[in-house]
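Overview (structure and organization)
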Amino acid sequence: MHATNKPFNIEKRLVYEAYKAIKSNGKAAGVDGETLEQFEADLAGNLYKIWNRMSSGTYFPPPVRAVPIPKKSGGKRMLGIPTVADRVAQMVVKLAIEPILDPIFLTDSYAYRPKKSALDAVGVTRERCWKYDWVLEFDIKGLFDNIDHELLMRAVRKHVTCKWVLLYIERWLKAPIVQEDGTRVERNCGTPQGGVVSPILANLFLHYSFDCWMARTRPDLPWCRYADDGLVHCRTAQEAEALKAQLQARLGECRLEMHPTKTKVVYCKDGKRRGKYPNVKFDFLGYCFRPRLVRRFRDHVLFCGFNPAVSPSAMKAMRQAIRDLNIRRQTQLSLQDIAQQLNPFLRGWIEYYGRYAPSALYPLLRYVNLTLVAWAKRKFKRFKRHTILAGRFLERLAKACPDLFAHWRLGMVGVFA
């Protein structure tokens, strides 16, 4: 249905499609405290209110709620959580601009794009490390907090002409943040990490800050970028160091800063590449790329290759996620209940980190089994002081019911001790 008496012509169906899109992506409440379930209690009325205000130009986004989350590398990252209604409104704009902006993005930009994934980026990086001896690994410090509004809107206006889209993007960029203590912070730069429309805006900003700059100045060097993490493959150490200085200057022109400790030049050392260098490994998207012993497929001969496998920091984070479930003390639950808790995690980890060097996941999966052994010893009196018996019990169960836990399907039996 089209509105004929409103300043902006926004289809009601677009608002409903936006609601369906945000429904599966987080249910945290914003500053108003309204949950997705409460929003859905009057779904038709709430969606109509969003459509009516956006169509009339009277929609003003509320402040976003600041939520700190821990980083794998230590410290905290601040997320900005919009209200449920604001997430719907942002998704309306995202659905309107994504078909316009995504086609202009370059092939090696992988983050937040339909039909592209982090595993695609890991796969192409793996192949390029075999062809190029050196990698410049770079990270942009506080990307979402430091995007310049003037430069961003210049890029948006270059491709987007819809007046209501431009109006609401500008309003979202200026929406304040409410800290945990209730303090209200006005913003003159950045776009909140956690906002629905923020990722595509960040991608557009880096499209001009980095992607197009690389295509224009160094078309001979392949690169890969996933949001603010990026890699450039180089032929020599001197080439990589020179590019590092040039990139630092380029980011400065765009009012961004290269992360001083997360940016480094790495030698992709393998069995054929000689010499000693301080950096022969790097982490990218949860994978650690480094020299590894691998078996050649055609003749099963072992050789040293430069390959990815799950990184130590990712393993640490996954172990912590299992500990946080406190399974060992959940003796009131059945094994089926525990499987329901664990399997979503296990399936995701196996699907992602099992793509390359799946055997590197085995220590984690063994840790899951040992956690189940500890649970069984608390659950059943006959196993209280008998770790071996508890392990044998679970081993028999794994053979009889391999579909109970996601990792048991991989043959992770016989590793309960």
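For clarity, every value in this text was computed on a predicted model and none was experimentally measured.

With that settled, consider empty space enclosed by the protein. Empty space among the atoms can be located by rolling a probe the size of a water molecule over them. Applying the stated rule across the entire model yields one cavity of 30 Å³ or more. Of the voids in this model, the largest cavity is the one considered here, and its volume is about 80 Å³. Lining the largest cavity we find 15 residues, and of these Gln-90, Trp-172, Arg-187, Pro-192 and Ser-198 sit closest to its centre. Residue assignment for the lining of the largest cavity shows that the elements contributing at least two residues are α4 (84–101), α8 (163–174) and α9 (198–217).

It is worth spelling out helix α3 (residues 43–56) at this point. Here α3 contains 14 residues, and its C-alpha end-to-end distance of 20 Å stays within 8% of the 20 Å for a straight helix at 1.5 Å per residue. All buried positions along α3 are accounted for by Asn-46, Leu-47, Ile-50, Trp-51, Met-54 and Ser-55. Around the axis of α3, the buried residues are gathered within 160° of arc, so they sit on the same side. Packing partners of the buried residues in α3 comprise α1 (12–23), α2 (36–41), α4 and α8. Gly-57 occupies a position one or two residues after α3 and carries a positive phi of about 80°.

Our focus in this paragraph is the sheet that holds strand β7 (residues 229–234). Ordered by their spatial adjacency, four strands build an open sheet running β6-β7-β3-β8, and the pairing between neighbours is antiparallel. A strand with exactly one partner marks an edge of an open sheet, and here the two such strands are β6 (223–226) and β8 (264–267). Sheet twist, expressed as the average angle between the axes of neighbouring strands with direction ignored, equals 20°. For strand β3 (residues 134–139) and β7, the ladder comprises six bridges, and the chain directions are antiparallel. Following the sheet pairing, Asp-139 is matched in β7 by Asp-229. Seen against the sheet, helix α5 (residues 118–131) touches β3, β6 and β7 and runs at an angle of roughly 155° to β6. Most of the contacts of helix α10 (residues 237–253) go to β3, to which it runs at about 20°, and overall it touches β3, β7 and β8.

Reading guide: rules and limits
- Residues numbered from 1 in each chain as written.
- Predicted model: local features only at pLDDT ≥ 70, side-chain atom pairs only at ≥ 80, totals over all residues.
- Heavy atoms only, no water.
- 1 Å grid on protein atoms, 1.4 Å probe; cavity = no way out; pocket = protein on both sides within 12 Å on 5 of 7 lines; lining within 4 Å.
- Points joined across faces, edges and corners; volume = space filled by probe spheres on them.
- Helix = DSSP H or I, 4+ residues; strand = E, 2+ residues; numbered from the N terminus.
- Expected span 1.5 Å × (residues − 1).
- Buried < 20%, exposed > 50% of the residue type's maximum accessible area, 1.4 Å probe, protein only.
- Arc of directions from axis to C-beta.
- Contact = heavy atoms within 4.5 Å.
- Pairing = 2+ DSSP bridges.
- Axes fitted to C-alpha atoms, helices over the stretch in contact; angles between N-to-C directions.

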